[in-house]
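# Structure at a glance
Okay, here's what each chain looks like letter by letter:
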Amino acid sequence: MGKEVIFSVAGSGKTSYLIEKLNTETRTLIVVYTQANFENIQKRIIGKFGYIPPNIACYTYFTFLFSWGIKPFNIINYPPIKRIDFDNKAPQKIPKINPHYYLYKDSIYHYRLYDFIEENSLTKKLVSRIERFFDEVFIDEVFIDEVQDYAGNDFDFLMSLSSSSVLSLTVVGDFYQHIYDTSRNGSKNKNLHKNFEKYRKRFMRFTPRQLNVCYRCPEAVCRFISTNLGIHLIHNPDNDRQVNYPRLIECPQMIKLIIEDDRIPKLVYANSETFDCWTITWGKSKGLEYEDVCVVLNKTTSSLYKQGKLLQLASKTLNKFYVACSRSKGNLYFIEEHHLPKKVTKQL
């Protein structure tokens, strides 16, 4: 069956592409990365059909692995595994034969889920179950968090699915929105995201497709991202919205207005909970969009911005900055972090 990889850019209509392909007959599995994208997809499916058709199943990635790859099977030498552990850090210096390598009490570490499935020879059984119940599989991460965030053993799982002669498989992602990793197990696929051309070659079994027109951002924002971040966004010529920014705001009065405007999210590099205004981290803004956006520059980013050297940012920081800038459907403001009010900690 057909295998398709879609290399996309921010705002290129990845979700719309997926929703358009859905119908009430094809048994379809949709796997997304984050809870936010899961909820977004559910809403979009209901928006199309008025309900969620019984032939369409949507899961977050780790919930899917747990529900389909672990729960149905009796796994020898392990106690019953009841839930997924998203909070604790797995130990490093114990062998895989020790149950504690994978388990914390009755929970399994989320980023070792597929490693556990693979080590217990359950991959073929998992793929067989998918083939039995579904005709078509969408692995998406815009929504997520996206195929570009599949790393370590989890990328190998995608390749296992691609070898199926029964399933139609579509994977979608924006290489430059790679800011998370589903797993990092030793040297497994360690250099997967070092180079786009090498990454692209890993999908040799897939028919490639490009979605490189940005329908979200106005021309000025597309141009800023293309010129300053080296990530080529083609502006949609039908989007004729005129904006006065992107620009660094230095006027105190305007900075105050932006900070106090609850319609404008302030996107910060980290520690969003410490600021006394509406803030979201660059990474957590992925998959969201707003009329106007204020990207907050920390010391490093501010210095490189003023020098016109943003390309010198570390790759994951550059990717997060790209995610933040591409959330805007209108103006893109930049302000320096020291202008944001901090929350006051009450002394007991």
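Residues numbered from 1 in each chain as written. Predicted model: local features only at pLDDT ≥ 70, side-chain atom pairs only at ≥ 80, totals over all residues. Heavy atoms only, no water.

## Things to note about the packing of aromatic side chains
- Scanning all chains against the criterion turns up 31 aromatic pairs.
- A centroid spacing of 6.0 Å and a plane angle of 85 degrees characterise the contact between Phe7 and Phe203, whose relative ring orientation is edge-to-face. In this pair, Phe7 sits in strand E1 (residues 3-8) while Phe203 sits in the loop between helix H7 (196-201) and strand E9 (207-211), placing the two residues 196 residues apart along the sequence.
- On the accessibility criterion, Phe7 (6% relative accessible area) is buried.
- Ring pairs connect the aromatic residues Phe7, Phe155, Phe175, Tyr176, Phe196, Tyr199, Phe203 and Phe206, which therefore count as one cluster.
- Between the NZ or CZ atom of Arg112 and the centre of the ring of Tyr101, over which it lies, the distance is 3.7 Å. (Phe/Tyr/Trp six-rings, centres within 6.5 Å; stacked < 30°, edge-to-face > 60°. Helix = DSSP H or I, 4+ residues; strand = E, 2+ residues; numbered from the N terminus. Buried < 20%, exposed > 50% of the residue type's maximum accessible area, 1.4 Å probe, protein only. Lys NZ or Arg CZ within 6 Å of the ring centre and 35° of its normal.)

## Some thoughts on the pattern of salt bridges
- In this structure the tally under the stated criterion is 13 salt bridges.
- Two residues, Asp135 and Arg27, come together in a salt bridge whose shortest N-O distance is 2.9 Å. Of this pair, Asp135 sits in the loop between helix H5 (123-133) and strand E7 (136-140) while Arg27 is found in the loop between helix H1 (14-21) and strand E2 (28-32), placing the two residues 108 residues apart along the sequence.
- Relative accessible area serves as the criterion here: at 29%, Asp135 is assigned to the partly exposed category.
- The partly exposed category is assigned to Arg27, whose relative accessible area is 32%.
- Taken together, the shared-partner salt bridges in this structure form one network comprising Arg216, Arg241, Glu289, Glu291 and Lys329. (Salt bridge = Lys/Arg side-chain N within 4 Å of Asp/Glu carboxyl O.)

## Some details on the sheet that holds strand E15 (residues 293-297)
- Pairing in this open sheet of five strands is parallel, and the strands run E12-E16-E15-E13-E14 from one edge to the other. Of all the strands in the sheet, just strand E12 (247-248) and strand E14 (279-281) have a single pairing partner and so form its edges.
- Packing of helix H10 (residues 299-307) onto the sheet brings it into contact with E12, E15 and strand E16 (332-336), and relative to E15 it is tilted by some 100 degrees. (Pairing = 2+ DSSP bridges. Contact = heavy atoms within 4.5 Å. Axes fitted to C-alpha atoms, helices over the stretch in contact; angles between N-to-C directions.)

## A word on unusual backbone geometry
- The phi angle at Asn77 is positive, at roughly 75 degrees, despite the residue not being glycine.
- Within the fold, Asn77 resides in the loop between helix H3 (61-69) and strand E4 (83-85).
- When its relative accessible area of 69% is taken as the criterion, Asn77 is described as exposed.
- Not every positive phi belongs to a glycine, and Asn271 is a case in point at roughly 55 degrees.
- If you trace the backbone, Asn271 turns up in the loop between strand E13 (266-268) and E14.

## A look at H5
- Looking at H5, one finds that the buried residues are Thr123, Leu126, Val127 and Ile130. In a view along the axis of H5, the buried residues occupy a sector of 95 degrees, so they form one face of it. For H5, the exposed residues set more than 90 degrees away from the buried face come down to Lys124 and Arg132. (Arc of directions from axis to C-beta.)

## Describing the pairing of E15
- With respect to burial, E15 is a largely interior element, five of its five residues being buried.
- Every second residue of E15 is oriented toward a common face, with Val293, Val295 and Leu297 on one face and Cys294 and Val296 on the other, all of them buried.
- Both E13 and E15 contribute to a ladder of two bridges, which runs parallel. Within E15, the position partnered with Lys266 by the bridge is Cys294.
- Where E15 and E16 come together, five bridges link them in parallel fashion. Residue pairing in the sheet places Val296 in a bridge with Ile335 of E16.

## Some remarks on the packing of H5 against helix H6 (residues 152-162)
- In the contact formed by H5 and H6, the axes pass within 10 Å of each other and the chain directions differ by 55 degrees. With respect to H6, the element H5 is oriented oblique. Like other packed secondary-structure pairs, H5 and H6 cross with a definite hand, here right-handed. Here H5 contributes Thr123, Leu126, Val127 and Ile130 to the contact with H6, which in turn contributes Phe157, Ser160 and Leu161.
- Classifying every residue of the contact of H5 with H6 by side-chain character gives five nonpolar, two polar and no charged. (Parallel < 35°, antiparallel > 145°, perpendicular 65-115°, else oblique. Left-handed = near helix turned anticlockwise from the far one by under 90°. Nonpolar A, V, L, I, M, F, W, Y, C, P; charged D, E, K, R; others polar.)

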